[in-house]
Amino acid sequence: MPRYEFRCRTCDDTFEVSRPMAESSAPADCPAGHADTVKLLSAVAVGGTSSAPAPAM
Ligand SMILES: [Zn+2]
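A.B. asks: Help me understand the overall build of the protein chain, please; the structure alone is not making it clear to me.
C.D. replies: Broken down by element type, the protein chain carries zero helices and three strands. With 57 residues in all, the protein chain has 21% of them scored as buried. Across the protein chain, the fraction of contacts at a sequence separation of at least 24, relative to all contacts at a separation of at least 6, is 36%. Just so you have it, the protein chain exposes about 4,200 Å², and 54% of that area is on carbon and sulfur atoms.

Next up, the structure:
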């Protein structure tokens, strides 16, 4: 299951959430219970642009 990184704008903390891709854009509450969060793009490591060649072992 992909992990998404969020940042809380209330306490300025970052946290990760594991959720299905279908719910990737759903809001997430921060661990401290704040709802004012924004999703970061850096932690998304799944499909979309899967045309890159596999690394040679
Ligand atoms: Zn917070």
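Structure's up, so let's keep going.
A.B. asks: Help me out: how do you make sense of the packing of aromatic side chains in this one?
C.D. replies: Counted according to the given criterion, the structure contains one aromatic pair. Note on Phe-6 and Phe-15: the rings are 5.8 Å apart at their centroids and 15 degrees apart in plane angle, and the pair reads as stacked. For Phe-15, a relative accessible area of 9% corresponds to the buried category.

A.B. asks: So what exactly am I meant to see when it comes to the coordination of the zinc ion here?
C.D. replies: Four donors placed tetrahedrally about a metal ideally form angles of 109.5 degrees, and six donors placed octahedrally ideally form angles of 90 or 180 degrees. Taken together, Cys-8 (SG), Cys-11 (SG), Cys-30 (SG) and His-34 (ND1) make up the protein donors of the zinc ion, found 2.0 to 2.4 Å from the metal. Because the angles between the four donor atoms bound to the zinc ion fall within 101 to 116 degrees, the donor set is best described as tetrahedral. Donor residues for the zinc ion, ordered by position in the chain, follow C-x2-C-x18-C-x3-H. For Cys-8, a relative accessible area of 0% translates into the label buried.

A.B. asks: Whenever I open this one, unusual backbone geometry confuses me. Can you help?
C.D. replies: Excluding glycine, residues mostly carry a negative phi; peptide bonds, for their part, are mostly trans. One non-glycine residue, Asp-12, adopts positive backbone phi at about 60 degrees. In this structure, Asp-12 sits in the loop between β1 (3-8) and β2 (14-18). Using a relative accessible area of 55% as the deciding quantity, one classes Asp-12 as exposed.

A.B. asks: What am I meant to see in the pairing of β1 here?
C.D. replies: The pairing of β1 with β2 spans five bridges and is antiparallel. Considered in β2, the bridge of Tyr-4 is made with Val-17. The antiparallel pairing of β1 with β2 creates a hairpin that spans five residues between the two strands, and Asp-12 there sits at a positive phi of about 60 degrees. Pairing between β1 and strand β3 (residues 37-40): four bridges, direction antiparallel. Bridged to Glu-5 within β3 is Leu-40.

How each quantity is defined
- Residues numbered from 1 in each chain as written.
- Predicted model: local features only at pLDDT ≥ 70, side-chain atom pairs only at ≥ 80, totals over all residues.
- Heavy atoms only, no water.
- Helix = DSSP H or I, 4+ residues; strand = E, 2+ residues; numbered from the N terminus.
- Buried < 20%, exposed > 50% of the residue type's maximum accessible area, 1.4 Å probe, protein only.
- Contact = heavy atoms within 4.5 Å.
- Areas by Shrake-Rupley, 256 points an atom, 1.4 Å probe, with all protein chains shown as cover.
- Phe/Tyr/Trp six-rings, centres within 6.5 Å; stacked < 30°, edge-to-face > 60°.
- Donors = N, O, S within 2.8 Å, 3.2 Å for Na, K, Ca; no water.
- Tetrahedral: all angles 85-135°; square planar, octahedral: opposite > 155°, others 65-115°.
- Pairing = 2+ DSSP bridges.

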